[in-house]
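An overview of the molecular structure
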Amino acid sequence: MPTVLNRAGALLALAWIGADGGMGVYARRSSDLSPEQVSSMCERNTNVDDVLIEANANTVHWGFTYKGLPPLATVTSGDTISVEMATHHAGDDPEKMVYGDPGMESIYKWDAEGMSVPHRGAQGTGDGVHILTGPIHICGAEPGDVVQIDILELTPRPNPSTGKTYGVNAAAWWGYQNRNHMGLPNNLLDPNDQRDVITIYEVIEEDGKYYVQPVYFYRYDEALPTTNCTNPTSGTLEGTPFGWSNEDRTFFGVEIPCDDGEQTWPGLWYTGVVNGDNPSKAAYADYSGEAAFKLPANIHVGNIGLATSYDKPVDSVPPLPTGGNMDNQRINQGSTLYLPVQVEGALLSMGDAHMAQGDCELDGTAVETSINGKFRITLHKKSEGLPIIVQDLDFPLISTDTAYVIQSYAYADYLNELEDPTSSIYDKGNNLNRAMDNAYLKTRDWMMRVYNWSEDLAMSAITVGVDFGITQVVDGNWGMHTIIRKDAFPVPGSVDASSE
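Residues numbered from 1 in each chain as written. Predicted model: local features only at pLDDT ≥ 70, side-chain atom pairs only at ≥ 80, totals over all residues. Heavy atoms only, no water.

What follows covers helix α8 (residues 455–465). Taken together, the buried positions of α8 are A458, A461, I462 and G465. For α8, the angular spread of buried residues about the axis comes to 100°, placing them on one side. Along α8, exposed side chains directed more than 90 degrees from the buried face belong to D456, T463 and V464. Where the residues of α8 are buried, they touch α7 (432–451), β31 (466–472) and β32 (479–485). (Buried < 20%, exposed > 50% of the residue type's maximum accessible area, 1.4 Å probe, protein only. Helix = DSSP H or I, 4+ residues; strand = E, 2+ residues; numbered from the N terminus. Arc of directions from axis to C-beta. Contact = heavy atoms within 4.5 Å.)

Our focus in this paragraph is the nonpolar core. Counting 42 residues, the largest nonpolar core has I107, Y108, I198 and W265 as its most contacted members. Contributions of two or more residues to this core are made by β5 (60–62), α3 (102–108), β13 (165–171), β14 (197–206), β15 (209–219) and α4 (220–223). Once you skip the residues sitting within four places of it in the chain, I107 turns out to touch A55, N56, A57, V60, W62, A86, S116, V117, R120 and I131. Counting 41 residues, the second largest nonpolar core, distinct from the first, contains V83, A141, V147 and L348. (Core = buried A, V, L, I, M, F, W, Y, C linked by side-chain atoms within 4.5 Å.)

In space, the four strands of this open sheet follow the order β13-β14-β15-β22, with antiparallel pairing throughout. Strands with a single pairing partner mark the edges of an open sheet, and in this sheet they are β13 and β22 (295–296). Note: β13 against β14, seven bridges, orientation antiparallel. Bridging across to β14, T165 finds its partner in V203. (Pairing = 2+ DSSP bridges.)

Another aspect to go through is the state of the cysteines. Going through the model one piece at a time under the given rule, you end up with two disulfides. Shown here is the disulfide that connects C42 with C139, its sulfur atoms set 2.0 Å apart. What sets the handedness of the C42 and C139 disulfide is the S-S torsion sign, and at about -80° it is left-handed. You can see C42 sitting in the loop between α1 (35–41) and β4 (51–53) and its partner C139 sitting in the loop between β11 (131–138) and β12 (146–156), a full 97 residues away along the chain. With a relative accessible area of 10%, C139 lands in the buried category. Across the disulfide from C229 sits C258; the S-S distance is 2.1 Å. Judged by the torsion about the S-S bond (105°), the C229/C258 disulfide is right-handed. You can see C229 sitting in the loop between β16 (226–228) and β17 (234–236) and its partner C258 sitting in the loop between β20 (254–255) and β21 (262–264), a full 29 residues away along the chain. The connectivity of the disulfide-linked cysteines in the protein, indexed sequentially, is 1-2, 3-4. (Disulfide = S-S within 2.5 Å.)

A few words now on the layout of surface pockets. Size it by volume and the largest pocket reaches roughly 970 Å³. Taken together, 48 residues line the largest pocket, and the ones lying closest to its centre are G126, D127, F252, D315 and Y426. Those elements that provide at least two residues to the lining of the largest pocket are β18 (243–245), β19 (250–251) and α6 (421–428). Residue contributions to the lining of the largest pocket peak at four residues, all from α6. For the lining of the largest pocket, the residue count by class is 19 nonpolar, 17 polar and twelve charged. (1 Å grid on protein atoms, 1.4 Å probe; cavity = no way out; pocket = protein on both sides within 12 Å on 5 of 7 lines; lining within 4 Å. Points joined across faces, edges and corners; volume = space filled by probe spheres on them. Nonpolar A, V, L, I, M, F, W, Y, C, P; charged D, E, K, R; others polar.)

This is how it looks when you write it as structure tokens:
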């Protein structure tokens, strides 16, 4: 049975006997871990098998990462952890994805008294959207080290009240179809008919395999969900000097005024809006596409990463050299993710889980679903000599059974490359030419180093044997990846960093 952590400030240990007769420890949270508690907990020299970190209002941060955010748990190299991840789109059908699930109800609480998680986004105005569980302090991690994350298990999180799991695809205003690219005719939506469309998917299990199929869809401007006006118009991120003000209630340039104590949302302008209209039974619910297709699921983690060294809270949407919102469908069960460390303790967070997504994530999102995952954490110390595949690592590297996958973006490190990164990345990062340039450069340099090749040989090998793919065109900092086949390009003496 697992150890259970709920952002424990003081580790209140209660011994219990599990159903299998094994002894466990149950830990409850009173506050975030202090530096002294982190230090004390990192002094243990034995590994913990399967620490469970639940998803609730006390264990998540919404829409941002920050190096100064206190951790909720510590792990040492070799530990396994189980992490619950809550989707930020559950409010699009709360009857199916929020109500009846105590953890989700805790996260999504938004009523006349206020919000359980009021700080949403790097600047507190919903300018970041993902619900992230964490951060998790990795004992001994220092800048220059590399964290290895083995993804051991990913499973859908059913609503305990129904036993069923659902997900959401949002064809949204930030999707590729809602952009005027190069003025090409007839390939994008009519500017007069741009809309946000929510499609609800059911997760189906058959013979031990998972599938997704559409149930119904609706237009957000027909649903017009309403909320209390208790989302804060100003505040600070607790424990930091970073504040915000949004007195005019403007979200992504759209003003949503408070009228008679309510705000009405004609589009996806703020994260976590709960459509309390029971949309599946509303007149605007369109079932014309119900069960139109059944797609094999590819459960993966869309947003998983380490904190950056940036001095301010960071929007959760644009991906980073330390990972974050990569939206790469290959970060799935059985794969291994390597991430460079920029801050002490690394500070790992994860969320934005997906049941299915094609490369490029075209319309705005994947099938966004709450899932539970199990991971093994390994720390590779620079001071002890890094395995060759992660030497000088400054990008996320994915290792699957068949390939190494190099993840890159239009801006490899936009926080340090752009003068005003928080605002300019959404204008400058929508550039596949830059993403292709960076993907090539990262791949060339990696192959020259790992295989001890000349540039000429690396260029030829890349041309004849490496596949380039568009990861996503919706996250501000557009992503491309390269797939380096292990059968064609084996790393001498090893298959992964663990064996070196």
